[in-house]
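Summary of the model geometry
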Amino acid sequence: MQPQFYNIINDELRGSEQTHNVTDPRTEEELWPCPIATTQDFEDAVAAAQKAFVGWSKTTVPERQALLVKLAENLQEHQQELIDILARESGKSQLMASIDIQASVAQCLYYSKTALQDEVQYEDDTTRVVATHIPLGVVAAICPWNFPLILSNIKVVSSLITGNCIIVKPSPFTPYAVMKWIELARGILPPGVLQVLNGGADLGALMTLHPGIAKISFTGTIATGKKVMASCAKTLKRVTLELAGNDACIVCADADLDKTIPSVASGGFFNAGQVCVASKRIYVHSSIYDEFLSRLIAEVEKSYSIASDATAPSLFGPLSNKVQFDTVKAIFEDCKKNGYKIVSGGLPSPSDPKTAVPGKGYWLPPTIVSQPPESSPLVQEEQFGPILPILSWTDEDDVIKRSNLANAGLGASVYSSDLAQAERIARRLEAGGVWINQAERPNFGAYFGGIKDSGFGGEMGKQGLLSYCDTKCLHFAK
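Along each chain, the written sequence defines residue order, and numbers are assigned to residues from 1. The predicted nature of this model means local features are confined to residues of pLDDT at least 70 and side-chain atom pairs, given and counted, to a pLDDT of 80 or more, with totals for whole chains, interfaces and linings taken over all residues. Remark: hydrogens and water are excluded; side-chain values derive from all non-hydrogen atoms of the structure.

1. Considering the pattern of salt bridges
- The rule for a salt bridge is simple: a side-chain nitrogen of Lys or Arg has to be within 4 Å of a carboxyl oxygen of Asp or Glu. Applying the stated criterion across every chain yields a total of 22 salt bridges.
- Between Lys155 and Glu459 there is a salt bridge whose closest N-O contact spans 2.9 Å. One end of the pair, Lys155, is in helix α5 (residues 148–161); the other, Glu459, is in the loop between β19 (455–456) and α15 (461–464), and 304 residues separate them in sequence. In this structure, Lys155 and Glu459 share a single accessibility class: buried. Note on conventions: DSSP H or I runs of at least 4 residues are helices, E runs of at least 2 residues are strands, and numbering of each starts at the N terminus. Whether a residue is buried, partly exposed or exposed follows from its accessible area with a 1.4 Å probe, protein chains only, as a fraction of its type maximum: under 20%, in between, or over 50%, in that order.

2. What to know about the pairing of strand β18 (residues 433–436)
- Of the two faces of β18, only one is covered, namely that formed by Gly433 and Trp435; the face formed by Val434 and Ile436 stays uncovered.
- Paired strands, in this sense, are two strands between which DSSP finds at least two bridges. When strand β17 (residues 411–415) meets β18, the two strands line up parallel, connected through four bridges. Each bridged residue has a counterpart across the sheet, and for Gly411 the counterpart in β18 is Gly433.
- On the question of chirality, the crossover connecting β17 to the parallel β18 by way of helix α14 (residues 419–428) is right-handed. Looking down the strands as they point away from the viewer, one classifies a crossover as right-handed if the path from the first strand across the helix to the second runs clockwise.

3. What about the environment of Lys215?
- Within the secondary structure, Lys215 sits in strand β10 (residues 215–219).
- The class for Lys215 is buried, based on a relative accessible area of 1%.
- Placed 49 residues apart in sequence, Lys215 and Ile166 show a C-alpha to C-alpha distance of 9.4 Å.
- With near-sequence residues (within four places) excluded, Lys215 lies in contact with Leu136, Val138, Val139, Ala140, Arg238, Val239, Thr240, Ser467 and Tyr468.
- As used in this structure description, the phrase polar contact means that two N or O atoms lie within 3.5 Å; if the pair is within protein, one of them must be able to donate a hydrogen and the other to accept it, and residues adjacent in sequence are counted only when both atoms belong to side chains. Of note is the side chain of Lys215, whose polar atom sits 2.4 Å from the side chain of Thr240. In this description, contact between two residues means that some pair of their heavy atoms is separated by no more than 4.5 Å.

4. As for the packing of helix α2 (residues 61–77) against α5
- Every axis corresponds to a line fitted to the C-alpha atoms, with the helix fit spanning only the stretch in contact, and the corresponding angles, defined between N-to-C directions, vary from 0 to 180 degrees. As a packed pair, α2 and α5 sit with axes 9 Å apart at the nearest point and diverge in direction by 155°. If you check the angle between α2 and α5, you find them roughly antiparallel. Between α2 and α5, the contacting residues are Val61, Arg64, Gln65, Leu68 and Leu71 on the first element and Val157, Leu160 and Ile161 on the second.
- Polar here means any residue outside two lists: the nonpolar Ala, Val, Leu, Ile, Met, Phe, Trp, Tyr, Cys and Pro, and the charged Asp, Glu, Lys and Arg; Gly therefore counts as polar. Here the contact of α2 with α5 is built from residues that sort into six nonpolar, one polar and one charged. Any angle that falls under 35 degrees is termed roughly parallel, while one over 145 is termed roughly antiparallel, one within 65 to 115 roughly perpendicular, and all others oblique.

5. Re the environment of Ile282
- Here Ile282 shows up in strand β13 (residues 281–285).
- Here the alpha-carbon distance between Ile282 and Asp334, two residues 52 residues apart in the chain, equals 19 Å.
- Contacts of Ile282, omitting those with residues within four sequence positions, involve Cys249, Val251, Val264, Phe292, Leu388, Pro389, Ile390 and Leu391.

6. Thoughts on the environment of Ile250
- Mapped onto the secondary structure, Ile250 falls in strand β12 (residues 248–251).
- The sequence separation of Ile250 and Val284 amounts to 34 residues, and the corresponding C-alpha distance is 6.1 Å.
- Excluding anything up to four places from it in sequence, Ile250 contacts Tyr283, Trp393, Val399, Ser403, Ser413, Val414, Tyr415, Ile425 and Leu429.

7. Things to note about helix α7 (residues 201–209)
- Listed as buried for α7 are Leu203, Gly204, Met207 and Thr208. An end-on view of α7 places all buried positions within 140° of arc, on one side of the element.
- Buried residues belonging to α7 abut α1 (39–56), β7 (138–142), β8 (165–169), β10 and α8 (222–232). By definition, the arc is the one covered by directions from the helix axis to the C-beta atoms.

8. Describing the side chain of Gln324
- In this structure, Gln324 sits in helix α11 (residues 322–337).
- Once you skip the residues sitting within four places of it in the chain, Gln324 turns out to touch Trp145, Gln274, Leu319, Gln383 and Phe384.

9. Focus: the sheet that holds strand β16 (residues 387–393)
- The strand order across the open sheet formed by seven strands is β14-β15-β16-β13-β12-β17-β18, and the pairing between neighbours is mixed. If you trace the sheet from one side to the other, it starts and ends with β14 (341–344) and β18, each paired once. Across this sheet, the average inter-strand angle for adjacent strands is 25°, counted without regard to direction.
- The pairing of β14 with strand β15 (residues 367–370) spans three bridges and is antiparallel. What sits directly across from Lys341, in β15, is Ser370.
- On the sheet, α11 packs against β14, β15 and β16 and is oriented at approximately 50° with respect to β16.

10. With respect to the packing of α7 against α8
- The contact between α7 and α8 brings their axes to 8 Å, and the two run at 35°. Relative to α8, the crossing made by α7 is right-handed. Side by side, α7 and α8 meet where Ala205, Thr208 and Leu209 of the first sit next to Val228, Ser231 and Cys232 of the second.
- Looking at the contact of α7 with α8 residue by residue, the class counts come to four nonpolar, two polar and no charged. Take the far helix as the reference: if the near one is turned anticlockwise from it by less than a right angle, the crossing is left-handed, and if turned clockwise, right-handed.

11. What to know about the nonpolar core
- The definition of a nonpolar core used throughout is a set of buried Ala, Val, Leu, Ile, Met, Phe, Trp, Tyr and Cys residues joined through side-chain atoms within 4.5 Å. Ranked by internal contacts, the top residues of the largest apolar core, which has 91 residues, are Leu160, Val168, Leu189 and Ile216.
- If one sorts the elements of this core by residue count, α5 sits on top with eight residues.
- Ala255, Ile297, Ile390 and Ala439 belong to the second largest nonpolar core, which has 25 residues in total.

12. What to know about the sheet that holds strand β20 (residues 469–477)
- Spatial ordering of the open sheet is given by β5-β6-β20, a layout of three strands whose pairing is antiparallel. Both edges of this open sheet fall to β5 (119–123) and β20, since each of them pairs with a single strand only. If you compare each strand with its neighbour and ignore which way they point, the axes differ by 25° on average.
- Two strands pair when backbone bridges link them, and β5 and strand β6 (residues 127–135) are joined in this way by four bridges, in the antiparallel orientation.

Here is the structure:
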């Protein structure tokens with residue numbers, strides 16, 4: 001039976017005269033009708049959230065934490081239904097879709113044990129100052145398509161544990177699993193606390209302008225993030241932006257290649273490179289460049305081949321939508337046109353078994369390019385796809401300068417057997433997170449935010465909850 005989807009407003013199922021259909025990236029098959037929220041739907045959701053906030057903001061932290069456990073249990077109960085939906089809309093394998101669900105469960109359980117607490121900020125013989133953290137009101141989450149549940153849920157649980165209500169806007173490329181999840185969660189929370197609306201850029205713009213929205217949490221591109229921030233300024237909204245990360249990966253001469261090679265391959269090609277902190281540029285010390293390159297090619301060709309069967313346990317998949325497919329394909333074509341050295345993969349060719357792709361779907365083979373110019377789009381821009389430049393370096397100051405692009409402030413990685421050297425380099429990299437001897441993977445227990453053009457503020461971890469609160473100081477006379 002064909003699944004049905006609804007906007008969820010005040011715990012009520014709401015359809016729409018206007019719908020759209022997502023295309024399955026794996027097969028190019030048209031999927032199910034999805035209702036597009038109207039302006040009135042949005043106004044109703046804001047009103048419901050504001051009404052719910054009066055009571056929800058007064059709940060205790062233990063009460064909220066108990067409900068997060070129930071949300072986790074609900075996700076687990078319905079995980080196969082959500083996996084099946086998410087795999088179809090995103091093109092992920094069943095394995096990759098299950099990662100999305102299980103990580104969301106883990107986020108719920110982490111915050112069921114983690115929350116902000118009052119703290120004494122200052123005390124002397126005459127006064128005692130206590131900082132307390134109060135919720136903002138109604139949060140609007142504008143979410144991306146690459147990990148639909150993980151990157152929506154982190155905004156949801158952060159809002160809930162801090163006493164806020166939240167309206168989620170999933171990406172129109174991947175609305176189904178998020179909408180179904182919030183539908184299935186009805187009855188756990190008071191009506192109006194957690195709602196979902198499907199729509200495009202026009203709905204996102206309404207969210208950024210509405211005076212009833214206290215905060216926007218946005219994950220997406222740098223260009224759109226700047227527009228969000230400018231729009232939020234009109235009502236002085238709180239705003240968190242997680243934007244593009246053209247992450248650099250530095251491999252030192254003494255790196256343990258037995259461990260480094262599979263880790264770098266995972267950093268670059270997990271989810272076909274569609275990860276905000278994927279390794280986007282690999283800088284390898286010139287003394288080990290040739291060996292590293294040959295071994296990386298072998299690892300990628302072994303572990304990241306195309307599997308058209310979604311039930312196969314694959315960590316590699318198609319580009320998640322036609323827009324991204326066209327963007328990444330243009331980078332492939334630019335490399336070919338300019339004669340860059342493509343040492344593995346390349347544009348699809350039916351006659352080459354290493355680059356052959358299924359007849360349908362937004363597939364591009366995992367591709368490695370050796371020594372493209374530093375000025376090339378492949379190096380200077382975030383590709384967000386399965387094509388990886390491998391460059392060389394000899395001087396530490398030089399490679400750090402090359403790494404520290406304005407759009408590279410989200411993450412980075414360093415590989416070295418000398419931990420002192422690795423830490424020295426990591427501390428000089430201008431990124432919100434640096435992973436040492438491991439691929440870049442955000443940890444929900446650690447603060448995550450970009451610097452420079454890669455973001456504004458951050459979330460995750462206990463510190464991330466501060467962006468969902470105002471801090472009020474109580475000054476007690478002694």
